[in-house]
Amino acid sequence: MKKLLTLVLALAMMATAACALAYDGDVLTITADSDVDPFTWDPATDKVAAFIEENFGIAFQQSETNYYNNDFAVTQLAAVDGVLPEVFTADILYYPQEITQFIPEELVAEIPEELLEKYPLTKALLEEVTSSQIVHNMYDGYYFLPKLDSVDLDIYKAERKGLFIRKDWLEAVGMEMPTTWEELYEVCHAFTYNDPDGNGVNDTYGLTGDGLGTLRYFFASTGVSNRYWNKDADGHWFFGALDDSNIVVLEWLRKMYEDGSIDPDFAATTWKTGLQKFSSNTFGVCVRNADADWINDVAVDYYGAANPDCNPFDRIDVIPSLGNNKGDAPRMEAYINCMVAIMFAPEITEEKMDRFLAYYEYLLTEEGQLLRMGLEGEDYVRNEDGSISLVRDENGNAPLLTTKYPSIATTHWTSWGFELAAYENVEYFDEYNDETKALNAKACAIRNVDPVYPEVGPMLIEDTVVTDTTAFNFTAEYWQIISGTEPVADMFADMKARAAVYYDPATEVVEEYAAKYGW
């Protein structure tokens, strides 16, 4: 398995050894808010809880309110009232108040840098993650620990989106895998009109999925981040969805809409409905998340469940990014590697914070990452070649960890675990493990080549002039253009004129912040 960032192997091994030593002091209880299902803690019956207590001197206690899964106003009120759990999960880029209000008003604790010196993996991660460096620059300190999709930042350099496509239909219509919007149009047209399922009936279509919200990530084919703020070569700031480069993509989608090769209900289709349409062998392309977890979900839990007599990977492939016109290299929106963070309430003692940091450091190591798969020898085993296999019962079933270890959610502080789903030498999926990992690696190899990086700083601006821009719904506006009848360029220009009411003053504020903080 890859080590975190570019730290040398010796450093990672030293960190693992230091963290894994049994703790011989008193066990301290830390109140915590899980970002998944609430956990319970009983080391007498839960071996993972016992392991954490023995090695780190921590007993976690689930807070009475699950703040992460509640409305942000509940979290905000709890912070002001001083009743947040000592450790909690925060959507810092969705709710910038968790930075811009909580830090100045001392509603969260600063992490002393002398403590971080004891934990080299954690310190290196904080120095690598863009949002933590921006916050450090703005507030002269560290106030959160990253909770990443994957602690291995090399796996998903670009957004984990994909266009699932029927490769058997491609073969049937005599076409290659599309790599540009132009080729995607041609393929979707063929799927709609060239009888790819060979039943002699005109009953198939091209593109469906969960609407333009996900599809807009693919607009990075223009070289501009569509969903976020950008800065051009001359230092001028602009919001990507307003850039004229998007017109060419919208023109291809208009063409698809006009000839019926895109789902007419695309804008209103939920991801579940889209996958149901795709799995019913009606549509040949479906947009959805496409990391290893979702590749397995789409192929096994949706398409495979609806078509149990086939190997779904014989039929399904993934388009991980697109170029604009033929000959253009495909590009994808870069992955913002820390949308979610772990924060500390001001009431936490430095001793408790120190113990939590020791545990967090351990979770960044290879051994610590595997703790979320249970216990070695009982839930997984290391093979002679270094690979990891699940331990299965006599019926071939792996243990259900959330039942076996009700504390297992407390192993998830560092990441959502996508690294384990992606590592090719870790058996992670009950079905089609190897096929899933191979398709994910193939997709990553394409979209990771040249990601289009957005500017993160504006997401942390808590100024109503900037936050009010969210009232302008680009997803709805784009669909009006795609399904409209006036020239695409004219409708786009009209949209820009109306959006200027929000974005002209917001751009001025962004530029002021950029000048102040050196973005």
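In the block above lies the structure referred to throughout.
These figures come from a predicted structure and were not determined experimentally. (Residues numbered from 1 in each chain as written. Predicted model: local features only at pLDDT ≥ 70, side-chain atom pairs only at ≥ 80, totals over all residues. Heavy atoms only, no water.)

Participant: Even after reading the chapter, I still don't get the overall build of the protein, so can you show me in this structure?
Facilitator: Helices and strands together make up the secondary structure of the protein, namely 21 helices and 13 strands. Against the 2.2 N^0.38 benchmark of 24 Å for 519 residues, the protein shows a C-alpha radius of gyration of 24 Å, consistent with a compact globule. Projecting the C-alpha coordinates of the protein onto the three principal axes gives extents of approximately 70 × 60 × 40 Å. The buried share of the protein, taken over its 519 residues, is 57%. Long-range pairs, those at least 24 residues apart, make up 75% of the contacts in the protein between residues at least 6 apart in sequence. Just so you have it, the protein exposes about 21100 Å², and 48% of that area is on carbon and sulfur atoms. (Helix = DSSP H or I, 4+ residues; strand = E, 2+ residues; numbered from the N terminus. Rg over C-alpha atoms; globule rule 2.2 N^0.38 Å. Buried < 20%, exposed > 50% of the residue type's maximum accessible area, 1.4 Å probe, protein only. Contact = heavy atoms within 4.5 Å. Areas by Shrake-Rupley, 256 points an atom, 1.4 Å probe, with all protein chains shown as cover.)

Participant: Honestly, the nonpolar core in this entry has me stumped. Any pointers?
Facilitator: Across soluble globular proteins, nonpolar side chains have a tendency to be buried as a group. Membership of the largest hydrophobic core comes to 133 residues, with the highest contact counts inside it found for Phe 60, Leu 163, Trp 181, Leu 215, Phe 356 and Trp 413. With 10 residues, the single largest contributor to this core is helix 21 (residues 488-517). Among the nonpolar cores identified, the runner-up in size contains 17 residues, and Leu 275, Ala 290, Ile 295 and Ala 443 belong to it. (Core = buried A, V, L, I, M, F, W, Y, C linked by side-chain atoms within 4.5 Å.)

Participant: How do you make sense of helix 9 (residues 181-193) when you look at a structure like this?
Facilitator: One turn of the α-helix equals 3.6 residues, which is why residues spaced by three or four share an orientation. For helix 9, built from 13 residues, the straight-helix expectation of 18 Å at 1.5 Å per residue is met to within 8% by its first-to-last C-alpha distance of 18 Å. The complete set of buried residues in helix 9 reads Trp 181, Glu 182, Leu 184, Tyr 185, Val 187, Cys 188, Ala 190, Phe 191 and Thr 192. One or two positions beyond helix 9, positive phi appears at Asp 195, with a value near 50°. (Expected span 1.5 Å × (residues − 1).)

Participant: What's the story with the packing of aromatic side chains in this structure? I'm lost.
Facilitator: Given two aromatic rings, their pairing is described by the distance between the two centres and the angle made by the two planes. The full count for this structure, using the stated rule, is 37 aromatic pairs. Pairing Phe 239 with Tyr 503 gives two aromatic rings, centres 5.0 Å apart and planes at 40°, and the pair type is tilted. Taken together, the residues span a long stretch of sequence, with Phe 239 in strand 8 (residues 237-239) and Tyr 503 in helix 21 at a distance of 264 residues. Residue classification places Phe 239 among the buried residues on the basis of a relative accessible area of 11%. Ring geometry for Tyr 517 versus Trp 519: centroids 6.1 Å apart, planes at 25°, classification stacked. Aromatic ring contacts, followed pair by pair, group Trp 181, Phe 219, Trp 229, Phe 239, Phe 472, Phe 474, Tyr 478, Phe 492, Tyr 502 and Tyr 503 into a single cluster. (Phe/Tyr/Trp six-rings, centres within 6.5 Å; stacked < 30°, edge-to-face > 60°.)

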